[in-house]
Every structure is written in structure tokens, then in C-alpha cells.
Amino acid sequence: MDHSIIRQFNFPAIIRYGANVVKELPSYLKQNHLDKALIVSDPVVSSLPFFKAIVSDLQSNGIAVEVFNDIHKNPVKSDVYKGVDLWDATQRNVMIGIGGGAALDVARAMVLRVNHREDLFKYDDLIGGDIYVTNEVPFFITIPTTSGTGSEVGRSAIIADDETHQKKILFSPKLLAKIVFADPMLTMDLPAAVTAATGMDALTHNMEAFIAKNDHPICEGIALEGMRLIALSLEKAVHQPDLSARGNMLLASMMGAIAFQKGLGVVHSLAHPLSSLLDTHHGLANAVNLPYGMRFNISGSEDKFRRMARALELKEETGDAVVKYLFELNTKVNIPHRLKEIGVGDEHIETLADLAFADFAHPNNPKPVSREDFKQLYLQAL
Ligand SMILES: NC(=O)c1ccc[n+]([C@@H]2O[C@H](COP(=O)([O-])OP(=O)(O)OC[C@H]3O[C@@H](n4cnc5c(N)ncnc54)[C@H](O)[C@@H]3O)[C@@H](O)[C@H]2O)c1
Ligand SMILES: [Fe+2]
């Protein structure tokens, strides 16, 4: 790292963490004179008992609640517009995202749109749109219910175009939540398959951030500890969940998201087109591609792989051992090794390679990735 270059290191919002911390929400709102909440969630989460308990707890404390849950699995622009229509019609003063990455991303995009009414994709970070995020934004609170994306501590929202399904990134430091209530009790009943896929997404964030080419030693330290917690807890969280395993996964997912401000890499670029083309869950798409993408990255990053092997507490401290571990972990948490098993066919490969090469994540990969590399990686994983 070149210490003569001046850099800026940013760290996230206040995080209130621990079992049942969500019970602090009503008093927090009252202290901040926020009495008209719009909760943004998804159709599944908003039907769960813990969600209903949060709503009735708020109502019994005199806080008016509206719920918006009409969102897609991979959220699109019209979801955001519909949600903001409800915000306008009901005159709210606080936005609360409760859910996985999909709901939290929609909530964050709505936070942006409330006072920025140009076309949503004018603010796309990839075309420099973040400079137009200049107005005030509403008070924003996040409450994660999965342990994967870490979107609760993030400053960006990934929203797709309704027609093309191309994913855009809305980014601004203003989109950081004022406070996160990270309560592992809300993740206790997460189904095994979602736990596995979201947990592998968190592992992918920590690993890709650790080896990403930008300099950020603070993020690298966080990423190594994030990997260690996942190695310790993912299998248990999937098969015999308890508070300790669930809590470690929730912390590790936030650590992954904090770490990936350093950058992501080839695995996320392999994964994104699967979601846009085939509607594959983001975590599952990463999980299947992770061992192949990491194998691609070993040469030139041997020392980083040795340090990852150490964090994962592997006997052999090599890149090959890390890749073998990832295949075995996928087996243990019932994630397939082959893209064919998640609906990818030979006919998709060329389009996937085009989309992956155009994706925003791989420029920070430790080594360059060509379109042909993407094609070969998909073929290896097929
Ligand atoms: N903002 C970011 O930095 C960032 C990073 C990576 C991914 N993402 C986005 O996040 C999304 C994926 O998020 P995710 O992996 O959390 O999945 P998700 O939000 O789609 O949730 C997965 C499933 O689990 C259900 N669920 C959530 N919490 C539950 C609970 N406690 N109990 C039972 N079921 C529950 C949901 O209803 C959904 O069906 C994608 O849209 C992706 O693009 C955002
Ligand atoms: Fe991710």
C-alpha cells in the first residue's frame, strides 16, 4: 500500500445489536418525535409473527403505521415508485425497512426518491448519478431479517429496470440508515435454504472484499473476522440454529457489507446476470459460483489465500485448500455444485458472459477478467 496517497475510510451507522433489541424501536421513535412510520417489507416477512408483533408494539405506543410490501424478489423500479406513492398519500415522517436485502434495498431507493423526483435511474451511480443526490432525505431505519447482503449497513440499493432487468446501483452516503436494529431473534426461523444462500452471500462479500485490489486495511481486518465467524457458524445456523450461530451470521453479514466498500470481484459479476436473466436468488447465484471464482483468483494472490485459509482455520494454508473447503461447505449446506442444477442451460452461456463482462463488480477483482474468462468460468461451473 502506498502511504503517501491520502484516502478516506468511512464506517457505518449506529448499530444496536442483540437478542430482542427490536423492542427498543418504539421508544427510539418517540425520542426522535417520529410518529408516522412507513414500514417497507416483502409479502413473506410481513406475514410473519415477529413482524405483526413489531407493528402492534408501535401502534400501542401511539405510532401510526402503514406497511408497503408489494415488491419483487429481485426489486424493480416500479416497486419503488409504488412505495413512494404510498408515502406521499399517507404523509409519513419515518421510513423503516424490515426484511432481507430486497426489502431494504427498496426502502433505501424510496428514501432517495422522496425528495429526488427525476427518473430513478438518473441517480445510477455507474453513470455518475450520485452527484444529483443533493436534497434532504427522510429519516431512515433498517431492521435486517436475513444474514446475507448486509444491506442494513449499506449506502446503496440495487434496483433493476422493469423491462431489461438490468441492475442499477443507487448510491449516496445520505442513504445510510440513521440507526440499525440488528436483532438475531428475527432470523431464528429463517428457512434452511435461505439461511444457506444468504450465508454464502455474506461469505462471498468477506472473501471478495479481502482480495479486492483497492487498498483498505481496515476492511481487510473486518473481512477476515467475518470469514472466521461464518466458518464457525454457517453449518450450525442451517442445520441446528441457535442464538449463537444466528448471531454470528448476522454480525458476519454486516461485516461483509462494511468490508465490501473496498470492492467486490469476479464472483458477484458471475452471479448478477443469473438474477437478471433467470431471477435466481442473489445468494444462491454467488454460492454456486464462489468456488470457481476463487479458484480463478488464486494465482497472483497466494499470500491473501494463505491468510484466508488461516481465518477459516483450515489445516492446509493454500488457495487449493480454500477452494476445496468452499465446495465442501456448499455440500454441507445443500447448495448444488453445478449451474445446471439451478436452471442454467448451454443456451444461456453467451448472454451470461456478455452481461458478466459488462457488470460493475469485477473491475476491483485482484486480476483482470476478460469476457472469455467469464465464459470459461460459466462452462466450468455448468
Ligand atoms: N444493497 C446491497 O449492498 C446489496 C448487496 C447484495 C445484494 N443485494 C440485494 O439484496 C437482495 C437479496 O437479499 P436477501 O439475500 O436478503 O434475500 P431476500 O430479501 O430476497 O429474502 C430471501 C427470502 O427470505 C424471506 N425472508 C426474509 N427474512 C425472513 C425471515 N426472518 N424468516 C423467514 N423468511 C424470511 C424473504 O421473504 C424472501 O423470500 C437482492 O435483491 C440483491 O440484489 C443488495
Ligand atoms: Fe452479494
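If you're wondering where the values come from, they're calculated on a predicted model, not measured in any experiment.

Engineer: Can you tell me about the site of ligand 1, naming the residues and giving the values?
Structural biologist: Neighbouring ligand 1 are 26 residues, the closest being Gly101, Asp105, Thr145, Thr146 and His281. Asp105 places a polar side-chain atom, nitrogen or oxygen, 2.8 Å from a nitrogen atom of ligand 1. Thr146 has a polar side-chain atom sitting 2.8 Å from an oxygen atom of ligand 1. Contact with the protein chains removes 90% of the 860 Å² of surface that ligand 1 exposes when unbound. Those elements that place two or more of their residues in the shell around ligand 1 are helix H4 (101–114), strand E6 (156–160) and helix H5 (192–211). Sort the elements by how many residues they give to the shell around ligand 1 and H4 lands first, with three residues. In the shell around ligand 1, the residues fall into 12 nonpolar, 11 polar and three charged.

Engineer: Just give me the short version of the packing of aromatic side chains, but keep the residues and values in it.
Structural biologist: Considering all chains together, one arrives at three aromatic pairs under this definition. Relative to Phe181, the ring of Tyr28 lies with its centre 5.7 Å away and its plane at 75°, an arrangement referred to as edge-to-face. Of this pair, Tyr28 sits in helix H1 (residues 25–31) while Phe181 sits in strand E8 (residues 179–182), and the two are 153 residues apart along the sequence. A residue is classified by how much of its surface remains accessible, and Tyr28, at 15% relative accessible area, is buried.

Engineer: So what's going on with the coordination of the iron ion (ligand 2)? Which residues, and what values?
Structural biologist: In the first shell of the iron ion (ligand 2), the protein supplies Asp201 (OD), His205 (NE2), His268 (NE2) and His282 (NE2), at 2.1 to 2.3 Å from the metal. In this structure, the iron ion (ligand 2) is surrounded by four donor atoms whose angles at the metal cover 86 to 166°, and the resulting shape is irregular. Each donor residue of the iron ion (ligand 2) belongs to the same chain, and together they define the spacing D-x3-H-x62-H-x13-H. Of this pair, His268 sits in helix H8 (residues 266–278) while His282 sits in helix H9 (residues 282–297), and the two are 14 residues apart along the sequence. A relative accessible area of 2% places His268 in the buried class.

Engineer: Outline the nonpolar core, supporting the account with residue identities and numerical values.
Structural biologist: In this structure, Leu203, Met207, Met227, Met294 and Leu339 are the most contacted members of the largest nonpolar core, which totals 62 residues. When near neighbours in sequence (up to four residues on either side) are disregarded, Met294 contacts Met207, Glu208, Ile211, Val267, Phe305, Met308, Val323 and Leu326. By size, the runner-up hydrophobic cluster in this structure holds 35 residues, among which are Phe68, Val114, Leu120 and Ala157.

Engineer: Could you give an account of the layout of surface pockets, naming the residues involved and the relevant values?
Structural biologist: Once rolled over the atoms, a probe with the size of a water molecule shows which space is left empty. In this structure, the second largest pocket encloses a volume near 320 Å³. Along the wall of the second largest pocket there are 16 residues; nearest its centre are Leu314, Lys315, Ala321, Tyr325 and Glu328. Listing elements by their share of the lining of the second largest pocket, those giving two or more residues are helix H6 (217–239) and helix H11 (319–332). Within the lining of the second largest pocket, the residues separate by chemical class into seven nonpolar, no polar and nine charged.

What counts as what
Residues numbered from 1 in each chain as written. Chains lettered and ligands numbered in written order. Predicted model: local features only at pLDDT ≥ 70, side-chain atom pairs only at ≥ 80, totals over all residues. Heavy atoms only, no water. Near = heavy atom within 4 Å. Polar contact = N/O pair within 3.5 Å; in protein donor to acceptor, adjacent residues only side chain to side chain. Areas by Shrake-Rupley, 256 points an atom, 1.4 Å probe, with all protein chains shown as cover. Helix = DSSP H or I, 4+ residues; strand = E, 2+ residues; numbered from the N terminus. Nonpolar A, V, L, I, M, F, W, Y, C, P; charged D, E, K, R; others polar. Phe/Tyr/Trp six-rings, centres within 6.5 Å; stacked < 30°, edge-to-face > 60°. Buried < 20%, exposed > 50% of the residue type's maximum accessible area, 1.4 Å probe, protein only. Donors = N, O, S within 2.8 Å, 3.2 Å for Na, K, Ca; no water. Tetrahedral: all angles 85-135°; square planar, octahedral: opposite > 155°, others 65-115°. Core = buried A, V, L, I, M, F, W, Y, C linked by side-chain atoms within 4.5 Å. Contact = heavy atoms within 4.5 Å. 1 Å grid on protein atoms, 1.4 Å probe; cavity = no way out; pocket = protein on both sides within 12 Å on 5 of 7 lines; lining within 4 Å. Points joined across faces, edges and corners; volume = space filled by probe spheres on them.

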